[in-house]
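Results of the structural survey
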Amino acid sequence: GIKPDHWILKEAKKLKIKITTDIEIFSETNNCKLIGVTGTNGKTTFVYCLSEILNKYGYKTTTAGNIGLSPLDLEDIDKNYDYIIIELSSFQLEYLKYLDLDMSVITNIFEDHIDWHETFQNYYLAKIKILNFVKNKSNIFIGEVDERVVIDKKLKVNRINNKKYNLENFYDEFV
């Protein structure tokens, strides 16, 4: 959550020190399938429920990221999990340059964290950055977004109706 204009980041850039995140390091060293989830509201609940549903249907999953545990703290990941579901905040996405996702979910995007991002555009651009990291572009799911959010029309986006969607139905689309 360090703001981009923080003196330590400015100094690192000036000294050409590479700035990376635990999420990037994990993605570069892991062989598990990753599902990235972001959004203004409902990220943690969605991540938790999706993990429970996938586990119910026989997949071994765990959660990490903004939900509380760094993925670097997961043990024996290649042996224990079919999927790791990573909750990503706008602060984490701001700094990500690389992430290898099998699927991305944006629960919703509405104005938030303007004190940190300075403008709504900066905020939503951090959020939709997750779309750049999905290998198979047909595995992009997006809920309700503010009318100011611009998403590349060339992307095949699966829309989620947040008022009516059911995670069991989401599972059916996913499998």
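Predicted model only: the values in this text are computed from it and were never measured.

**Side note on the sheet that holds strand β6 (residues 158-159)**
- Taken in spatial order, the 6 strands of this open sheet run β2-β3-β1-β4-β5-β6, and their pairing is parallel. Only two strands of the sheet have a single partner each, and these edge strands are β2 (61-65) and β6.
- Taken together, the 5 bridges between strand β1 (residues 33-38) and strand β3 (residues 83-87) define a ladder with parallel strand orientation. Within β3, the position partnered with K33 by the bridge is Y83.
- The strands that helix α3 (residues 43-56) touches are β1, β2, β3 and β4 (103-109); relative to β3, the one it contacts most, it runs at about 170°.
- Its contacts with the sheet put helix α7 (residues 120-128) on β1 and β4, and the angle it makes with β4 is roughly 155°.

**Side note on the confidence of the model for the protein chain**
- Across the protein chain, the average pLDDT comes to 87, with 90% of residues at or above 70.
- Mean pLDDT across the elements of the protein chain ranges from a minimum in helix α8 (residues 167-174), with 58, to a maximum in β1, with 96.

**With respect to a nonpolar patch on the surface**
- Together, I2, W7 and I8 give the surface a local cluster of nonpolar side chains, amounting to about 340 Å² of exposed area.
- Relative to the helices and strands, I2 is located in the segment before α1 (7-14).
- Judged by its relative accessible area of 43%, I2 falls in the partly exposed class.

Criteria and cut-off values
- Residues numbered from 1 in each chain as written.
- Predicted model: local features only at pLDDT ≥ 70, side-chain atom pairs only at ≥ 80, totals over all residues.
- Heavy atoms only, no water.
- Pairing = 2+ DSSP bridges.
- Helix = DSSP H or I, 4+ residues; strand = E, 2+ residues; numbered from the N terminus.
- Contact = heavy atoms within 4.5 Å.
- Axes fitted to C-alpha atoms, helices over the stretch in contact; angles between N-to-C directions.
- pLDDT = per-residue confidence, 0-100.
- Patch = residues over 30% accessible without salt bridge, like charges linked within 9 Å, V, L, I, M, F, W, Y side chains within 5 Å.
- Areas by Shrake-Rupley, 256 points an atom, 1.4 Å probe, with all protein chains shown as cover.
- Salt bridge = Lys/Arg side-chain N within 4 Å of Asp/Glu carboxyl O.
- Buried < 20%, exposed > 50% of the residue type's maximum accessible area, 1.4 Å probe, protein only.

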